[in-house]
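Close look at the chain arrangement
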Amino acid sequence: MTRIAIFASGSGSNFQAIVDACQQGRLDATPALLICDKPKALVIQRAEAANIPSFVFVPKNYESKEQFESDILLQLKEHEIDFIVLAGYMRLIGSKLLSAFKGRIVNIHPSLLPAFPGLDAIGQAVKYGVKVTGVTIHFVDEGMDTGPIIAQASIEVNSTDTAETLQKRIHEIEHDFYPTTLQQLFSIKGETITR
Ligand code: GRF
């Protein structure tokens, strides 16, 4: 069974959806570790409730990204992690982790990339006035939401939508789409996934 580490910085609703899917047998993976860079994030409580160990760190206590990623890497080794799943982790992954987990890091982003990368993708989409937006799951590279796309789901934007109403519907899609896509990915892992 694929052992995954989930990286998150916030409320962790996607973390929860993935953990639930694993527990319910919809996703053949073991959520073995949470990595979190925000000591007050709600996702830490979710991990505790699910009995999943977490490594919580404060980036500013380190001199460089390379140093905190070295500590993360030790944790990933200790917990025998095969695959990294980013779920609202608000940092770019550095070369240390990228080279150790080449082709084995994925992210979910709340827009149809390459439109609206970076922060507040949903707010950007509403402001721009697009009629269709969505969710992208992609491999992670050194850029900001630039890695090869694995899967996308679209959603119509209504004229009455605000960033809040759209975010709610996008989250609902994400909570089903992320575990389903991961399941497909893990079932072909090792055969067709190369970079
Ligand atoms: C999600 O919308 C995800 O697409 C983006 O960050 C958000 C995380 O939300 N990368 P949550 O913490 O999983 O609730």
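Residues numbered from 1 in each chain as written. Predicted model: local features only at pLDDT ≥ 70, side-chain atom pairs only at ≥ 80, totals over all residues. Heavy atoms only, no water.

1. Things to note about the packing of aromatic side chains
For the coordinates displayed, the defined rule picks out seven aromatic pairs. In textbook terms, an aromatic cluster arises when at least three aromatic residues are bridged by ring pairs, as seen for Phe55, Phe57, Tyr62 and Phe68. (Phe/Tyr/Trp six-rings, centres within 6.5 Å; stacked < 30°, edge-to-face > 60°.)

2. What to know about the layout of surface pockets
Counted as a void, the largest pocket has a volume near 830 Å³. What lines the largest pocket is a set of 38 residues, and nearest its centre among them are Gly88, Tyr89, Met90, Ile108 and Pro110. Counting only elements with at least two residues in the lining of the largest pocket, the list comes to α1 (13–23), β5 (105–109), α5 (121–128) and α6 (163–188). The dominant element in the lining of the largest pocket, judged by the number of residues it contributes, is α6, at six residues. (1 Å grid on protein atoms, 1.4 Å probe; cavity = no way out; pocket = protein on both sides within 12 Å on 5 of 7 lines; lining within 4 Å. Points joined across faces, edges and corners; volume = space filled by probe spheres on them. Helix = DSSP H or I, 4+ residues; strand = E, 2+ residues; numbered from the N terminus.)

3. Looking at the site of the ligand
Lining the immediate environment of the ligand, one finds Ser11, Gly12, Ser13, Asn14, Gly88, Ile108, His109, Pro110, His171 and Glu174. At a separation of 2.9 Å, an oxygen atom of the ligand approaches a polar side-chain atom of Ser11. One of the backbone nitrogen or oxygen atoms of Ile108 is found 2.9 Å away from a nitrogen atom of the ligand. Relative to its unbound accessible area of 370 Å², the ligand is 85% covered by the protein chains. (Near = heavy atom within 4 Å. Polar contact = N/O pair within 3.5 Å; in protein donor to acceptor, adjacent residues only side chain to side chain. Areas by Shrake-Rupley, 256 points an atom, 1.4 Å probe, with all protein chains shown as cover.)

4. Some points on the packing of α1 against helix α2 (residues 42–49)
For the pair α1 and α2, interaxial distance at closest approach is 9 Å and the crossing angle is 20 degrees. Taken together, the axes of α1 and α2 are roughly parallel relative to one another. α1 and α2 meet at a crossing whose hand is right-handed. Touching Ser13, Phe15 and Gln16 of α1 are Val43, Arg46 and Ala47, all from α2. Split into classes, the residues belonging to the contact of α1 with α2 amount to three nonpolar, two polar and one charged. (Axes fitted to C-alpha atoms, helices over the stretch in contact; angles between N-to-C directions. Parallel < 35°, antiparallel > 145°, perpendicular 65-115°, else oblique. Left-handed = near helix turned anticlockwise from the far one by under 90°. Contact = heavy atoms within 4.5 Å. Nonpolar A, V, L, I, M, F, W, Y, C, P; charged D, E, K, R; others polar.)

5. So, the pattern of salt bridges
According to the stated counting rule, one finds three salt bridges in the structure shown. Its salt-bridge partner being Arg169, residue Asp161 comes within 2.8 Å of it at the nearest N-O pair. We classify Asp161 as buried; its relative accessible area is 10%. Close ionic contact of Lys168 with Glu172 constitutes a salt bridge, the shortest N to O distance being 3.7 Å. Highlighted residues: Lys168 and Glu172, both in helix α6, separated by four residues, approximately one helical turn. Since its relative accessible area comes to 56%, Lys168 is described here as exposed. (Salt bridge = Lys/Arg side-chain N within 4 Å of Asp/Glu carboxyl O. Buried < 20%, exposed > 50% of the residue type's maximum accessible area, 1.4 Å probe, protein only.)

6. Observations regarding the nonpolar core
If you look at the biggest cluster of nonpolar residues, it comprises 42 residues, and the most contacted ones within it are Ile18, Val85 and Tyr178. By residue number, the principal contributor to this core is α6, which donates seven residues. Excluding residues within four positions of it along the chain, Ile18 makes contact with Ile4, Ile6, Leu27, Val85, Tyr178, Pro179 and Leu182. Membership of the second largest hydrophobic core comes to 21 residues, among which are Ile35, Phe57, Ile93 and Leu97. (Core = buried A, V, L, I, M, F, W, Y, C linked by side-chain atoms within 4.5 Å.)

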